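Here is what each chain is made of, one letter per residue.
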Amino acid sequence: VTSGKFDWSYNYLPDDQKTFVDRDKANNTYWFPPGGTIGLFLNLTKTPYQNVDFRKGISERLDRDTIAEKAVDGYEKGASQSGLILPNLQKWLDPSIPNSGNITQDTHQAMADFTRAGYQEKSGKLVDSSGSQVSMSIMVPSNYSDWIAAAKEVVNELGALGIKASLDTPTAAQYTSATQSGNYDVAFGGYGGTGDPYTDFNNTLNSSYAAPVGTATAFNFERFKDPAVDADLNTLAGATGKAQQQKAVYKLENVMYDQVPVVLMYYGGSWGLFSTKNFTGWPSAKDPYALPTSYNNEILEVVTHLQRAS
């Protein structure tokens, strides 16, 4: 990629200005729009993750912008807990959700949440009613360098609160098997990014995907179950008018915000690297006609916009 052999590549490179653009300033360019959200998937079949106050405590403790900085050099920012990619889906945002769903790190509030969940700080450790320190294993694929950088920051931030967190870095294949079958404590994972609120919420919250632990599922890896939320999803699926759709989306946003089925941390970039040496017309911030993803249906959309460079 950096040697100029590709016209288009989908790659995250640290300091793209230096490692990519500066190698051919006349032709090399990039565009990194948010294409999804990186979140902490807490296994809701296990204690303490079943407790919504515990999940809120984790969410309140994390400094999302710092995690994003560690992961992707600040190219992307902390994500909204609403479940919407903002500002892309701003028109769907419930204005009653505080601060657009952006959670600012608040250790005091986190401790209040943990207290409600039955945990307290003792000698620098967060302990349960028996005095045992809270511990968790956070799983990240070994070759996802950006996720590992973010996970190390999460471990440090939770450790400062007295939680004994550790990293588990299996191969990508082992990671996929473990998350799909529900054999994990906490795992990094991608949320949303389809551009369609219904699909994003349905894939994450629909009880039909919450297979028993040991049985693989394609979605809802945290195994969230709530009949009322299933009903809300059905309402949205059948909504035909804009007002009806908006009302249904608002309800699902509030589920993400209030129940924290997944702790959403920062936006994952769509890492589009382009050369204009041979072709022009690549998607960009000025002309965002498609995501710069070179591995799905966006390819056809992009190539039909290209023109040979003069």
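Residues numbered from 1 in each chain as written. Predicted model: local features only at pLDDT ≥ 70, side-chain atom pairs only at ≥ 80, totals over all residues. Heavy atoms only, no water.

Peer 1: I'm lost on the pattern of salt bridges in this one. Help?
Peer 2: Pairing is possible between side chains of opposite charge, provided their charged atoms come close. According to the stated counting rule, one finds 4 salt bridges in the structure shown. The salt bridge involving K46 is made with D185; its shortest N-O contact spans 2.8 Å. Of this pair, K46 sits in the loop between β3 (34-42) and α2 (52-61) while D185 is found in the loop between α6 (172-181) and β8 (186-191), placing the two residues 139 residues apart along the sequence. For D185, a relative accessible area of 22% translates into the label partly exposed. In this structure, R116 engages D53 in a salt bridge whose closest nitrogen and oxygen atoms are separated by 3.5 Å. Of this pair, R116 sits in helix α4 (residues 107-116) while D53 sits in helix α2, and the two are 63 residues apart along the sequence. Overall, D53 belongs to the buried group, its relative accessible area being 18%. (Salt bridge = Lys/Arg side-chain N within 4 Å of Asp/Glu carboxyl O. Helix = DSSP H or I, 4+ residues; strand = E, 2+ residues; numbered from the N terminus. Buried < 20%, exposed > 50% of the residue type's maximum accessible area, 1.4 Å probe, protein only.)

Peer 1: Any chance you could explain the pairing of β3 here in plain terms?
Peer 2: For a regular strand, side chains alternate in direction, first toward one face of the sheet and then toward the other. For β3, the tally of buried residues reaches 8 of 9 residues, placing the bulk of the element in the interior. Sheet topology places β3 next to strand β9 (residues 262-269); 7 bridges connect them, and they run antiparallel. Bridging across to β9, T37 finds its partner in Y267. Of the strand pairs in this sheet, β3 and β8 are connected by 6 bridges, and their pairing is antiparallel. If you follow T37 over to β8, its bridge partner there is Y191. (Pairing = 2+ DSSP bridges.)

Peer 1: In this structure, what is going on with the side chain of D146? I would like to understand it.
Peer 2: Among the secondary structure elements, D146 is positioned in helix α5 (residues 145-160). Look past the residues within four positions of D146 in its chain and what remains in contact with it is Y12, A71, V72 and Y266. (Contact = heavy atoms within 4.5 Å.)

Peer 1: Help me understand the sheet that holds strand β7 (residues 164-168) in this model?
Peer 2: Across a sheet, strands are paired by hydrogen bonds formed along the backbone, either parallel or antiparallel in direction. Spatial strand order, β7-β6-β8-β3-β9: 5 strands in an open sheet with mixed pairing. Of all strands in the sheet, those bounded by a partner on one side alone are β7 and β9. Adjacent strand axes in the sheet meet at a mean angle of 30 degrees when their direction is disregarded. Where α5 meets the sheet, its contacts fall on β3, β6 (135-139), β7, β8 and β9, and the angle it forms with β8 comes to roughly 130 degrees. (Axes fitted to C-alpha atoms, helices over the stretch in contact; angles between N-to-C directions.)

Peer 1: Would you mind showing me how to read the environment of S166 here?
Peer 2: By secondary structure assignment, the location of S166 is in strand β7. A relative accessible area of 36% means that S166 is categorised as partly exposed. For S166 and N156, which are 10 residues apart along the polypeptide, the C-alpha to C-alpha distance reads 9.4 Å. If we ignore the near neighbours within four places in the chain, the residues touching S166 are M136, S137, I138 and V155.

Peer 1: Is there a simple way to think about empty space enclosed by the protein in this case?
Peer 2: In this approach, a probe sized like a water molecule rolls over the atoms, and the result shows the empty space that is left. Within this structure, the stated rule accounts for 1 cavity of 30 Å³ or more. The calculated volume of the largest cavity comes to roughly 40 Å³. Forming the boundary of the largest cavity are V1, G4, F6, D7, W8, S9, F20, N28, L273 and F274. Elements represented by at least two residues in the lining of the largest cavity include exactly β1 (8-10) and β10 (272-275). When the residues that make up the lining of the largest cavity are grouped by side-chain class, the tally is 6 nonpolar, 3 polar and 1 charged. (1 Å grid on protein atoms, 1.4 Å probe; cavity = no way out; pocket = protein on both sides within 12 Å on 5 of 7 lines; lining within 4 Å. Points joined across faces, edges and corners; volume = space filled by probe spheres on them. Nonpolar A, V, L, I, M, F, W, Y, C, P; charged D, E, K, R; others polar.)

Peer 1: Explain the side chain of S9 to me, please; I cannot follow it from the model alone.
Peer 2: Position of S9 among the secondary structure elements: in strand β1. Looking at S9, its side chain comes within polar contact range of the side chain of N11, at 2.7 Å. Once residues within four sequence positions are removed from consideration, S9 is found in contact with V1, W271, G272, L273 and S294. (Polar contact = N/O pair within 3.5 Å; in protein donor to acceptor, adjacent residues only side chain to side chain.)

Peer 1: It is not clear to me how the sheet that holds β1 should be interpreted in this structure. Could you clarify?
Peer 2: Spatial ordering of the open sheet is given by β1-β10-β2, a layout of 3 strands whose pairing is antiparallel. The open sheet terminates on both sides in strands that have one partner only, identified here as β1 and β2 (28-31). Within this sheet the neighbouring strands show an average axis-to-axis angle of 20 degrees, counted without direction. With 4 bridges joining them, β2 and β10 adopt antiparallel strand pairing. Bridge assignment links W31 to a residue of β10, and that residue is G272.

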